[in-house]
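Observations on the three-dimensional arrangement
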Amino acid sequence: MIVRKRYVLGGVAVVALVVAAVFLAGPAAQPRGGTGGMPLTLKLPRVPWEGGPAYYEKFAAAKARGWADPAFFPIGVWYESVLTDQDVLTDKEAGLNLYVELTDDSSPRLIDKHGMSAITSKPLPGAGTETVGWLIADEADMFPRPGNAQWDGRLGGAGDPCIPPKGEGCGFTAMKTLKDKLPEGDGRMYYANYGKGVGLWWSDKDNSQFVNGYTDIVSTDMYWYTDAGICVEAKTILKFPDNECPRAADYGWLMDKQRALDAMDGKLQPVYNFVEVGWPFSDQNGTGVRTIKPDELKGAVMSSIIHEARGILYFNHSFGGPCTSQHALREPCYKDVRAAATEVNKQIGQLAPVLNTQSYVFDFGKGLETMLKGHDGSFYVFAMIERGDQPGERSLTLPPELAASGEVEVLFENRTIPVDNGRFTDTFQAEHSYHIYKITP
């Protein structure tokens, strides 16, 4: 993967984690001959990764649930309720395989019966093999703030939860306290989600403590399309130009930041990304919040994938708009968004064995954000336009070892593109458009 935008961690500009490739990824795989003299692997450096499916081998609960299978890719939904068989069947039809947090009255038995997984903040009555991990906290970076002060037990709401108020933050205390209350040594993973504190507000040192201090899996949520104030904050804090927000590529930018923070301790864990599916915010003051559009959802998911997300999580709650709901993906009024989520989820599921391989580092050309992978004798290029660029035609230059390819197949679009002198051209009609190309020597 090549990511061309820069951001600053610890006062040092970094580009896409490529600076860490040699340190974390190890030597590149050596090529082996394929049919017609074409390679099965490429002489290119690899993107740093935590090990893919093999990462879950050390967690007995996840391994037993199939998480170490290269055909499994986590696609989850946030804070659902599972009360009937139809609840689970409806979610599975949308391509979901994971519940991250559940209501207290949810049935682990039904989740287990239908082969789904769960990560919860406490053991639910009847919990068993379906529960693969424990949720430490959600957005403990935002309200308690970074620090080791005493914590009064609140994560949100009115008032400062740190003791004394308006003094040192207590976010680290909150994370440690909550983790210590969870079961230990049972083969389950620890997971936490963060928010704008890690994404925007705090120092790299504090963010690194949040990201690296407590978890085996981590994510950050920032709802670029539907949070009316997020682009103002991004412009003020991150110096984003106006043409870089809101964009599908902003979800990829957040992935890059998360992965760079995760790498600061010299170790890597799977980093997931959140995408909203409805109206996450109410519009009480006419601030202009809105719902995410179907094609925007698909673009946000694919940008996350291109920037090495190891799981996708959907925020399933709508607090505004004409159809408030805690189950947006189950609601008829969100059928278009559900259809989009189902489409991209099924693409991810079909390509899971590809996604669960270590990416190559390669620059396909100007104005592109891409990911390159190889699997089972073929190579796959996932492509979108660069953050801030205008939609339109792009030329992609193949790695020298693939330059003799006659054509590329555009997956899920029923078309092929000829390769001329190691290059091919395609059109990206909108900022959220993406294409997936398959090259088979």
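Refer to the structure above for everything that follows.
Values in this document were obtained by computation on a predicted structure and should not be read as measured data. (Residues numbered from 1 in each chain as written. Predicted model: local features only at pLDDT ≥ 70, side-chain atom pairs only at ≥ 80, totals over all residues. Heavy atoms only, no water.)

With that out of the way, let us pick up the overall build of the protein. On a plain count of helices and strands, the protein comes out with 12 helices and 19 strands. For the protein, the C-alpha radius of gyration of 21 Å lies close to 22 Å, the compact-globule estimate for 441 residues. Considering the protein as a whole, with its 441 residues, one finds that 59% of them fall into the buried category. Across the protein, contacts joining residues at least 24 apart in sequence account for 65% of those joining residues at least 6 apart. Averaging the coordinates of the 43 positive side-chain charges in the protein and doing the same for the 55 negative ones gives two points 3 Å apart. (Helix = DSSP H or I, 4+ residues; strand = E, 2+ residues; numbered from the N terminus. Rg over C-alpha atoms; globule rule 2.2 N^0.38 Å. Buried < 20%, exposed > 50% of the residue type's maximum accessible area, 1.4 Å probe, protein only. Contact = heavy atoms within 4.5 Å. Lys, Arg positive; Asp, Glu negative; His and termini not counted. Charge placed at Lys NZ, Arg CZ, Asp CG, Glu CD.)

Here we come to the nonpolar core. Among the nonpolar cores identified, the biggest contains 84 residues, and Trp 224, Leu 297, Tyr 314 and Phe 382 are the most heavily contacted of them. The leading source of residues in this core is helix α10 (residues 294–306), at six residues. By size, the runner-up hydrophobic cluster in this structure holds 22 residues, among which are Leu 42, Ala 383, Leu 396 and Phe 428. (Core = buried A, V, L, I, M, F, W, Y, C linked by side-chain atoms within 4.5 Å.)

Once that is clear, we can look at the side chain of Ser 378. By secondary structure assignment, the location of Ser 378 is in strand β14 (residues 378–385). Judged by its relative accessible area of 6%, Ser 378 falls in the buried class. A distance of 2.8 Å separates the side chain of Ser 378 from the side chain of Thr 440, its partner in a polar contact. Discounting chain neighbours no more than four positions away, the residues touching Ser 378 are Lys 373, Lys 438, Ile 439, Thr 440 and Pro 441. (Polar contact = N/O pair within 3.5 Å; in protein donor to acceptor, adjacent residues only side chain to side chain.)

Working definition: an aromatic ring pair is given by the centre-to-centre distance plus the angle between the planes. In this structure the tally under the stated criterion is 19 aromatic pairs. Here the aromatic rings of Trp 224 and Phe 240 are separated by 5.9 Å at their centres, their planes lie at 10 degrees, and the arrangement is stacked. Of this pair, Trp 224 sits in the loop between β10 (217–220) and α8 (230–237) while Phe 240 sits in the loop between α8 and α9 (249–262), and the two are 16 residues apart along the sequence. You'll find Trp 224 and Phe 240 in the same group, each marked buried. Taking the centre distance of 4.8 Å and the plane angle of 70 degrees together, the rings of Phe 424 and Tyr 437 count as edge-to-face. Linking Phe 424 in strand β18 (residues 423–428) with Tyr 437 in strand β19 (residues 435–439), this pair joins segments that are 13 residues apart in sequence. When sorted by exposure, Phe 424 lands in the same class as Tyr 437, which is buried. Here the aromatic cluster, defined as three or more aromatic residues joined through ring pairs, consists of Tyr 55, Tyr 56, Phe 59, Trp 67 and Phe 72. If you follow Lys 179 out to its NZ or CZ, it ends over the ring of Tyr 190, 4.6 Å from the centre. Above the plane of the ring of Phe 240 lies Arg 387, whose end atom (NZ or CZ) is 4.3 Å from the centre. (Phe/Tyr/Trp six-rings, centres within 6.5 Å; stacked < 30°, edge-to-face > 60°. Lys NZ or Arg CZ within 6 Å of the ring centre and 35° of its normal.)

It is worth spelling out the pattern of salt bridges at this point. Within the structure shown, the criterion is met by 24 salt bridges. With a closest N to O distance of 2.9 Å, Lys 176 and Asp 180 form a salt bridge. Here Asp 180 and Lys 176 lie together in helix α5 (residues 171–180), a separation of four residues that amounts to about one turn. Arg 387 serves as the salt-bridge partner of Glu 244, at 2.5 Å between the closest nitrogen and oxygen. Here Glu 244, found in the loop between α8 and α9, pairs with Arg 387, found in the loop between β14 and β15 (392–397); they are 143 residues apart in sequence, far enough to count as distant. Accessibility assignment for this pair places Glu 244 and Arg 387 in one class, buried. A cluster of three or more residues bridged by salt bridges with shared partners is formed by Glu 80, Asp 87, Asp 91 and Arg 330. (Salt bridge = Lys/Arg side-chain N within 4 Å of Asp/Glu carboxyl O.)

Going through the model one piece at a time under the given rule, you end up with three disulfides. The disulfide partner of Cys 162 is Cys 170, and the gap between their sulfur atoms is 2.2 Å. Between Cys 162 and Cys 170 the sulfur-sulfur dihedral comes to about -80 degrees; the bridge is accordingly left-handed. Neither residue differs from the other here; Cys 162 and Cys 170 are each classed as buried. Bridging Cys 323 to Cys 333, the disulfide has an S-S length of 1.8 Å. A torsion of -45 degrees about the S-S bond marks the disulfide between Cys 323 and Cys 333 as left-handed. With Cys 323 in the loop between β12 (312–315) and α11 (335–350) and Cys 333 in the loop between β12 and α11, this residue pair connects regions lying 10 residues apart in the sequence. Note on Cys 323: relative accessible area 15%, which makes it buried. (Disulfide = S-S within 2.5 Å.)

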